[in-house]
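The chain contents come next:
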Amino acid sequence: MNAMTRRVVIATAAVSMAVSLSACGKAGGGDKAGGGSSKGSGDLGKTIGLLLPENKTTRYETFDRPIMEAKIKALCADCEVKYNNAAQDIEQQKKQFDALVTQGVKVIIFDAVDFKAPKAWITQAAKQGVKVVAYDRLTEGPISAYVSYDNEKIGTLQGEALVKALGAKAKDSNVVMINGSPTDPNAGFFKKGAETVLKKETKKIVYSQDIPDWSPDEANKKMGAAIDSLGKDGFQGVYSANDGMAGGIITALKKQGVEVPVGGQDSELAGLQRILTGDQAFSIYKQIKPEAETTAEIAVRILKGEKFDDLAPTKVDSISGEFKGTPSKLYDAQVVTKDNIASTVIKDKVYKASELCTADFKKACDAAGIK
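Here is a short report on the structure shown in this document.

Cut-offs applied
Numbering of residues starts from 1 in each chain and follows the order in which that chain's sequence is written. Per-residue local features are limited, in this predicted model, to residues with pLDDT of at least 70; the limit for side-chain atom pairs, both in listing and counting, is 80 or more; totals at the level of whole chains, interfaces and linings are taken over all residues. Excluded from the side-chain calculation are hydrogens and water; included are all heavy atoms of the structure. Think of a salt bridge as a Lys or Arg side-chain nitrogen and an Asp or Glu carboxyl oxygen that are within 4 Å of each other. Here a strand is any run of E in DSSP of at least two residues, a helix any run of H or I of at least four, and the numbering for each starts at the N terminus. We call a residue buried when its accessible area falls under 20% of the maximum for its residue type, exposed when it is over 50%, and partly exposed in between, using a 1.4 Å probe and counting protein chains only. One requirement defines pairing of two strands: DSSP has to find at least two bridges between them. Orientation is described by axes fitted as lines to C-alpha atoms, over the contacting stretch for helices, and by angles from 0 to 180 degrees between their N-to-C directions. His is not counted, nor are the chain ends, whereas Lys and Arg count as positive and Asp and Glu as negative. What qualifies as a polar contact is a pair of N or O atoms within 3.5 Å, subject to a donor-acceptor requirement within protein and to the restriction that residues adjacent in sequence count only when both atoms come from side chains. Contacts are assigned to residue pairs with any non-hydrogen atoms lying within 4.5 Å of each other. The disulfide definition used here is simple: a pair of cysteine sulfur atoms within 2.5 Å. Angle categories: roughly parallel below 35 degrees, roughly antiparallel above 145, roughly perpendicular from 65 to 115, and oblique for all the rest. Crossings are sorted by hand: turned counterclockwise from the far helix by less than a right angle, the near helix makes the crossing left-handed, and turned clockwise it makes it right-handed. Polar here means any residue outside two lists: the nonpolar Ala, Val, Leu, Ile, Met, Phe, Trp, Tyr, Cys and Pro, and the charged Asp, Glu, Lys and Arg; Gly therefore counts as polar. Orient the strands so they point away from the viewer; a crossover is then right-handed if the path from the first strand over the helix to the second runs clockwise.

## Here's the deal with the pattern of salt bridges
Move 1: By the definition in use, this model includes 22 salt bridges.
Move 2: A salt bridge links E201 to K171, with the nearest nitrogen and oxygen atoms 3.8 Å apart. Of this pair, E201 sits in helix α7 (residues 185-201) while K171 sits in the loop between α6 (151-166) and β6 (174-179); the two residues are 30 residues apart in sequence, bridging distant segments of the chain.
Move 3: According to the relative accessible area criterion, E201 is partly exposed, its value standing at 32%.
Move 4: Between D310 and R301 there is a salt bridge, with its nearest N and O atoms 2.7 Å apart.
Move 5: Overall, R301 belongs to the buried group, its relative accessible area being 16%.
Move 6: Ionic contacts of the salt-bridge type, sharing partners, join the residues R59, D64, D136 and E291 into one network.

Below is the structure:
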């Protein structure tokens, strides 16, 4: 989509805006394990709740949260954000959600730990006039809006990138799939998109496992089990749903002396460094700033009673099909390899070259033209 083709400055903008918020004494604190933040009593009629699902993936605390808090502040100077992270705990997230409703917060940006569980919470909250904007993950319930990526298409990109990494031997290659958390609907979309490609373009998917909580440690164990089951020569490539798990997978492969292409997603710093050294074949770059800022703007407009049709032009049904026609915005993403790190994440200032090109990676950075 056109919005995703724009080059976006994330890191510097997010940091500078977050600093300005802090200087004004308005930035939402919050305990990553779910302790929460409340910026004084304030006017709850001008308060937006922000609930994120976990902190194992670095993006949420580093980018999503500060970008949304800054955008909300820019659009509504006297608005406050009540923030919490559920640390992958469904019951904790329910407590956080219920607390916001009890406190009288009328708009909640919500990224669910488990997409099925919140149906009853959101339904009950809606009866009290609470509007929920689903962020990044589609959730069941009468939500007011949904902002994310075209997640099945991302899975397709992952599958295509792995096929490309396998090269001429793709048609004769067996593939292992290490998928994301079964409670995250995006993981299902990624898996579906990737399977569609891999079933057509490779010999066979010989091992497939969903990993609870997107755990790198569990991914490491499952990769070890796959090697034990299939043998070192029983597969020629590995699909990893994200970069964090790819790290665990690659560790398991190295331990057994196996070298095969491994893909990932999220363009995390460690993943990009593995791409530079050749340990990881690719990642998926999702520009977080447009997604986060659009979500923040929709939340502010809902709070002010304003229309947001222009920000959410697509209609999406819930996964169960029970809730239909939710106004949505779905962004595109792109494959990142050694060849385009410089022209994507570095150019967009997601990371500085100095962050990526530490001493251990300087030679690889030089070879990739990253200065």
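Following the structure, the description resumes.
## Things to note about the sheet that holds strand β3 (residues 107-110)
Move 1: Pairing is mixed across the open sheet formed by 7 strands, whose spatial order is β2-β1-β3-β4-β5-β11-β10. In the strand order of this sheet, the two ends are held by β2 (80-85) and β10 (314-316), each with one partner. Pairs of neighbouring strands in the sheet enclose a mean axial angle of 25 degrees, with direction left out of account.
Move 2: Summarising the sheet, strand β1 (residues 47-52) and β2 pair through 6 bridges and their orientation is parallel. Residue G49 lies in a different strand from β2, and its bridge partner there is K82.

## Quick word on the side chain of R274
Move 1: Tracing the backbone through its elements, the reader meets R274 in helix α10 (residues 269-277).
Move 2: Put simply, R274 is tucked away with no salt bridge, and the nearest opposite charge, on D243, sits 5.2 Å away.
Move 3: A distance of 3.0 Å separates a polar atom in the side chain of R274 from a polar atom in the side chain of Q280.
Move 4: Setting aside residues up to four positions removed in sequence, R274 forms contacts with D243, A246, G247, I250, D279 and Q280.

## Overview of the state of the cysteines
Move 1: The full count for this structure, using the stated rule, is 2 disulfides.
Move 2: In this model C357 forms its disulfide with C365; the gap between the sulfur atoms is 2.0 Å. In this structure the cystine formed by C357 and C365 twists about its S-S bond by roughly -95 degrees; its chirality is therefore left-handed.
Move 3: When its relative accessible area of 17% is taken as the criterion, C357 is described as buried.
Move 4: For the protein chain, the bonded cysteines pair up as 1-2, 3-4 when numbered in the order they occur along the sequence.

## Considerations on the packing of helix α8 (residues 216-230) against helix α9 (residues 243-255)
Move 1: Where α8 contacts α9, the two axes come as close as 7 Å, and the packing angle between them is 40 degrees. Considering the angle they form, α8 stands oblique to α9. As for the relative orientation of α8 and α9, their crossing is right-handed in sense. Counted together, P216, A219, N220, M223, G224 and I227 of α8 and G244, M245, G248, I249, T251, A252 and L253 of α9 form the full contact between these two elements.
Move 2: Residues of the contact of α8 with α9, tallied by class, amount to 8 nonpolar, 5 polar and no charged.

## Things to note about the pairing of strand β4 (residues 131-135)
Move 1: Judged by how many residues are buried, β4 sits mostly within the fold: 4 of 5 residues are covered.
Move 2: Summarising the sheet, β3 and β4 pair through 4 bridges and their orientation is parallel. The partner of I108 across the bridge, within β4, is V132.
Move 3: Handedness of the β-α-β unit built from β3, helix α5 (residues 119-127) and β4 comes out right-handed.

That's the geometry; what it means functionally is another story.
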